[in-house]
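Chain by chain, the residues:
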Amino acid sequence: MPYAGIIIKICRAYSNSQEDFEDYYQEVCLQIWRSREKFKKQSEWSTWIYRLSLNVCLTLLKSEKRKQNYFSTESLPNELIEDCKSFSDESLNELYKAIKQLSEIDRAVILLYLDDKSYAEMAEIIGTNPNNIGVRIKRIKQRLKKILDGKIN
Amino acid sequence: MEKSIESIWKEGFLKNDALITPKLNNLYEQKSIDIVEKFKRMYKVNIIALMAFALLMLVIALPSGMPYMALPMFFLFCGIVTIALKFKKKLENLDKSQNSYEYLKSFDNWTKEMIQTNTSLSRFMYPYVFLVMIAGFWFGSFGGDVPGNTMINEYLVNNPETLTVFGVPLFGLIGLVFILAVISYFGAAIGNFDLNIVYGRILDKMDGLLLDMEDLRK
């Protein structure tokens, strides 16, 4: 599937187990299939995929939280993050583990930043002002560095 | 030297296993099972509610002096519950070893049969309910005066020239037959409306899922 990489990266950041990840991935693929005719070519195809994947993952995450009676909109507690061995690269696993401790929106911001999206594209996908993005990224990177401090060489 | 998060990201995703896509073979399996299971739960609750309503008819209407309404209503609901239980048994016997599409398709056939039966029954059920309610008020309690007869006698004393059939004014009988015919005519629509309120959303979901699956199978 083209752009599968985008979907995988996003689903990994919002799911907490391999089973969840596969469910999220399937749901995103299903929504892309269902919504494919609604794509109006007003943006890049990848931008559209990003937006749709993020929306699906956030919706699934919310319904999961409702089911678990877990109402916080902030990051997941560390003990709930089971799936930190998704990749063979240990540093990448640690980075993902740290990303999952961020709030839902910060997770989206950092994923887009790491995938080299411009501030304008990021703002378009998330639906925010491009001027705020830079400051936010700086803050998120500081937080990630703090979490990762000493864990990665 | 510590790696930056940018280099962790880039180097990590250069490795071959980082972007392995999950298989989508069973994309619809869980969804199909979820929908059918949810429907089963709703159907079970509905049957229990019908049983409770049948008993309620006996408990409330009998002591309040309307046995001619309570007993036929009780038997009607018992009949509906019996039919629903037969359908429930058929639903439980759907072959789960089929693939998701066939499983959902057989569930779809089951719902069509259930809706068809409901539509046919509704044509008789709603007029029956109306008739039973009239009878309940007409005959009142066992023994003693019959309220309907008292009312007719009073009317006939004041209007002695009224045409009657078996002691009942003809216009009343014609009116009753007309109302029953109208209720019977709209019975199927009322029945489907009723069904739609309870199961509409889940059946729409199932239709959407089946359409998707058929689209993908093309």
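Residues numbered from 1 in each chain as written. Chains lettered and ligands numbered in written order. Predicted model: local features only at pLDDT ≥ 70, side-chain atom pairs only at ≥ 80, totals over all residues.

Novice: Can you walk me through unusual backbone geometry in this structure?
Specialist: Note: most residues except glycine have negative phi, and most peptide bonds are trans. The phi torsion at D116 of chain A lies on the positive side, around 60°, for a residue other than glycine. By secondary structure assignment, the location of D116 of chain A is in the loop between α5 (104–114) and α6 (119–126). Positioned with a positive phi, F166 of chain B is a non-glycine residue whose angle comes to about 50°. Within the secondary structure, F166 of chain B is located in the loop between β1 (164–165) and β2 (168–169). (Helix = DSSP H or I, 4+ residues; strand = E, 2+ residues; numbered from the N terminus.)

Novice: Teacher, can you tell me more about helix α4 (residues 100–139) of chain B here?
Specialist: For an α-helix the count is 3.6 residues per turn, leaving residues at separations of three or four pointing the same way. Residue and element names in this part refer to chain B. Its 40 residues give α4 an end-to-end C-alpha distance of 55 Å, which sits within 8% of 58 Å, the value for a rise of 1.5 Å per residue. Considering bend angle alone, the principal kink of α4 is centred on S122 and spans about 40°. Once α4 ends, the next one or two residues include G140, with phi positive near 60°. (Expected span 1.5 Å × (residues − 1). Bend = angle between axes of the 7 residues up to and from the residue.)

Novice: Looking at this structure, I do not really get the packing of helix α3 (residues 67–92) of chain B against α4 of chain B. What am I missing?
Specialist: The relative placement of two packed helices comes down to the angle between their axes together with the axis-to-axis distance. Residue and element names in this part refer to chain B. It is at 8 Å that the axes of α3 and α4 come closest, and there the two elements cross at 170°. Considering the angle they form, α3 stands roughly antiparallel to α4. Each of Y68, M69, P72, M73, L76, I83, F87, K90 and L91 in α3 lies in contact with α4, whose residues at this interface are W110, M114, T117, M125, Y128, V132, M133, A135, G136 and F139. Partitioned by chemical class, the residues of the contact of α3 with α4 number 16 nonpolar, 2 polar and 1 charged. (Axes fitted to C-alpha atoms, helices over the stretch in contact; angles between N-to-C directions. Parallel < 35°, antiparallel > 145°, perpendicular 65-115°, else oblique. Contact = placed C-beta atoms within 7 Å. Nonpolar A, V, L, I, M, F, W, Y, C, P; charged D, E, K, R; others polar.)

Novice: Can you walk me through the nonpolar core in this structure?
Specialist: Note that soluble globular proteins tend to have their nonpolar side chains buried in a common cluster. By size, the foremost hydrophobic cluster in this structure holds 40 residues, and its most contacted members are I7, I10, C11, L95, V109, I110 and L112 of chain A. For this core, the elements supplying multiple residues, two or more each, are α1 (4–14), α2 (18–35), α3 (45–68), α4 (90–99), α5, α6 and α7 (130–148) of chain A together with α1 (5–14) of chain B. When near neighbours in sequence (up to four residues on either side) are disregarded, C11 of chain A contacts F21, Y24, Y25, V28 and C57 of chain A. Counting residues in each nonpolar core, the second largest holds 7 residues, with M66, M69, M73 and F74 of chain B among its members. (Core = buried A, V, L, I, M, F, W, Y, C linked by C-beta atoms within 7 Å. Buried ≥ 20, exposed ≤ 12 C-beta atoms within 10 Å, placed from the backbone.)

Novice: Before we go on, may I ask you to explain α1 of chain B in this structure?
Specialist: Of the residues making up α1 of chain B, those classed as buried are I5, I8, W9 and G12 of chain B. What you see down the axis of α1 of chain B is that its buried residues fit within an arc of 95°, all on one side. Along α1 of chain B, the residues that are exposed and aim more than 90 degrees away from the buried face are E6, S7 and L14 of chain B. Where α1 of chain B is buried, its residues meet α4, α5 and α7 of chain A. (Arc of directions from axis to C-beta.)

Novice: Just checking my understanding: could you explain the environment of N118 of chain B for this structure?
Specialist: All names here are of chain B. Its location among the elements puts N118 in helix α4. The spacing of N118 and L195 is 77 residues in sequence and 8.4 Å in space, taken between C-alpha atoms. With residues up to four places along the chain from it excluded, the contact list for N118 reads G191 and L195.

Novice: What am I meant to see in the packing of α4 of chain A against α7 of chain A here?
Specialist: Residues and elements named next belong to chain A. Where α4 contacts α7, the two axes come as close as 10 Å, and the packing angle between them is 120°. What the angle tells us is that α4 and α7 run oblique. Of the two elements, α4 crosses α7, and the hand of that crossing is right-handed. Here α4 contributes E94, L95 and A98 to the contact with α7, which in turn contributes L144, I147 and L148. Across the contact of α4 with α7, the residue classes tally to 5 nonpolar, no polar and 1 charged. (Left-handed = near helix turned anticlockwise from the far one by under 90°.)

Novice: Just to check I follow, could you spell out the environment of D207 of chain B for this structure?
Specialist: Residues and elements named next belong to chain B. Structurally, D207 can be placed in helix α6 (residues 170–217). When the 13 C-beta atoms within 10 Å are taken as the criterion, D207 is described as partly exposed. Residues D207 and D108 lie 99 residues apart in sequence; the distance between their C-alpha atoms is 8.2 Å.

Novice: I tried to follow the environment of Y3 of chain A on my own but got confused; where do I start?
Specialist: Note that Y3 of chain A resides in the segment before α1. Excluding anything up to four places from it in sequence, Y3 of chain A contacts S46 and I49 of chain A.

Nothing here speaks to function; it is geometry throughout.
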